[in-house]
Amino acid sequence: MRFSIIIRTKNEEAWIGRCLKSVFNQSEKDIEVIIVDSGSKDETISIAQEFPIAKVIQIGRFLPGEALNIGIKEATGKYVVALSAHCVPVTQTWLQELHDAV
């Protein structure tokens, strides 16, 4: 696995579909996506499960840094990328551009 994309969520039903659509439309396809959800009460998780998510991790409280750390521990990729669910990459080469900047 080249990229592990950790997406933290909490009640992001308005955004998660757009975020994941953009992530899975990247030119770079060697990815795993891990969702770390802080107890969403809306349709965030059911929307996310419409995509080929590698793992959904539920945590009990909203601590953004802790959510990312938990996701990173589960990651298997050479590179780890962190997103919030309301962040939507605007190009199909976003991951490749991140890699090329290293």
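This text gives an overview of the structure that appears in the document. Numbers given for residues are sequential positions, taken from 1 along each chain in its written order. Totals for whole chains, interfaces and linings use all residues, but because this is a predicted model, local features are given only for residues with pLDDT of at least 70 and pairs of side-chain atoms are given and counted only at 80 or more. Heavy atoms from the whole structure form the basis of all side-chain values; hydrogens and water molecules are not counted.

### Digging into the nonpolar core
For step 1, the next point in the chain: Residues grouped as a nonpolar core are buried Ala, Val, Leu, Ile, Met, Phe, Trp, Tyr and Cys residues, joined through side-chain atoms within 4.5 Å. For each residue, the accessible area found with a 1.4 Å probe, counting protein chains only, is set against the maximum for its type, and the residue is called buried under 20%, exposed over 50%, and partly exposed in between. Ranked by size, the top nonpolar core spans 19 residues in total, and within it Ile5, Ile7, Leu20, Ile31, Val33 and Ile35 carry the most contacts.
For step 2, the next point in the chain: The secondary structure listing takes helices from DSSP runs of H or I that are at least 4 residues long and strands from runs of E that are at least 2 residues long, numbered from the N terminus. Breaking this core down by element, the ones donating at least two residues are β1 (3-9), α1 (16-24), β2 (31-37), α2 (44-48), β4 (79-84) and α4 (94-100).
For step 3, the next point in the chain: In terms of residues, this core owes the most to one element, α1, which gives five residues.
For step 4, the next point in the chain: Leave out the neighbours within four places in its chain, and Val33 touches Ile5, Ile7, Leu20, Val23, Phe24, Ile53, Ala54 and Lys55.
For step 5, the next point in the chain: Membership of the second largest hydrophobic core comes to eight residues, among which are Ile34, Ile57, Ile59 and Ala67. Working rule for contacts: check all heavy atoms of both residues, and any pair within 4.5 Å makes them a contact.

### Let's talk about helix α3 (residues 64-74)
For step 1, the next point in the chain: Every buried residue of α3 is accounted for by Ala67, Leu68 and Gly71. The buried residues of α3 all sit within an arc of 95 degrees when viewed along its axis, so they share a single face.
For step 2, the next point in the chain: At its buried positions, α3 is contacted by β1, β2 and β4. Picture the helix axis, draw a direction to every C-beta atom, and the arc is the one those directions span.

### Let's talk about the packing of aromatic side chains
For step 1, the next point in the chain: Working definition: a ring pair exists when centres of Phe, Tyr or Trp rings (six-membered ring for Trp) sit within 6.5 Å. Plane angles under 30 degrees give stacked, over 60 give edge-to-face, the rest tilted. Enumeration according to the criterion identifies two aromatic pairs in this entry.
For step 2, the next point in the chain: Their ring planes at 35 degrees and their centres at 5.5 Å tell us that Phe3 and Tyr79 sit as a pair that is tilted. Taken as a pair, Phe3 in strand β1 and Tyr79 in strand β4 lie far apart in primary sequence, 76 residues in all.
For step 3, the next point in the chain: Centre to centre, the rings of Phe24 and Phe51 are 6.0 Å apart; their planes meet at 15 degrees, and the pair counts as stacked.

### Considering the pattern of salt bridges
For step 1, the next point in the chain: Only one rule defines a salt bridge in this text: a Lys or Arg side-chain nitrogen within 4 Å of an Asp or Glu carboxyl oxygen. Following the criterion strictly, the structure yields three salt bridges and no others.
For step 2, the next point in the chain: The residue Glu28 makes a salt bridge to Arg2 at a minimum N-O spacing of 2.8 Å. Of this pair, Glu28 sits in the loop between α1 and β2 while Arg2 is found in the segment before β1, placing the two residues 26 residues apart along the sequence.
For step 3, the next point in the chain: Under the relative-accessibility criterion, Glu28 is labelled buried at 11%.
For step 4, the next point in the chain: Taking the shortest distance from any N to any O, the salt bridge between Arg61 and Glu66 comes out at 3.6 Å.

### Notes on the environment of Ile34
For step 1, the next point in the chain: Residue position: Ile34 is located in strand β2.
For step 2, the next point in the chain: With a relative accessible area of 1%, Ile34 lands in the buried category.
For step 3, the next point in the chain: Sequence-wise, Ile34 and Ala85 are 51 residues apart; in three dimensions their C-alpha atoms are separated by 11 Å.
For step 4, the next point in the chain: Not counting residues within four places of it along the chain, the set of residues in contact with Ile34 comprises Ile5, Ile6, Ile7, Lys55, Ile57, Gly71, Glu74 and Ala75.

### Considering α1
For step 1, the next point in the chain: Those residues of α1 not exposed but buried are Ile16, Cys19, Leu20, Ser22, Val23 and Phe24.
For step 2, the next point in the chain: Contacts made by the buried residues of α1 are with β1, β2, α2 and β4.

### Thoughts on the pairing of β2
For step 1, the next point in the chain: With seven of its seven residues buried, β2 lies for the most part within the structure.
For step 2, the next point in the chain: Of the two faces of β2, both are covered, the one formed by Ile31, Val33, Ile35 and Asp37 as well as the one formed by Glu32, Ile34 and Val36.
For step 3, the next point in the chain: Here β1 pairs with β2 via seven bridges, running parallel. Bridging from a neighbouring strand, Arg8 pairs with Val36 of β2.
For step 4, the next point in the chain: Criterion used throughout: strands pair if DSSP finds at least two bridges between them. In terms of strand pairing, β2 meets strand β3 (residues 55-58) through four bridges, oriented parallel. Residue Asp37 lies in a different strand from β3, and its bridge partner there is Gln58.

From the geometry alone we can't say anything about function, so treat these as descriptive.
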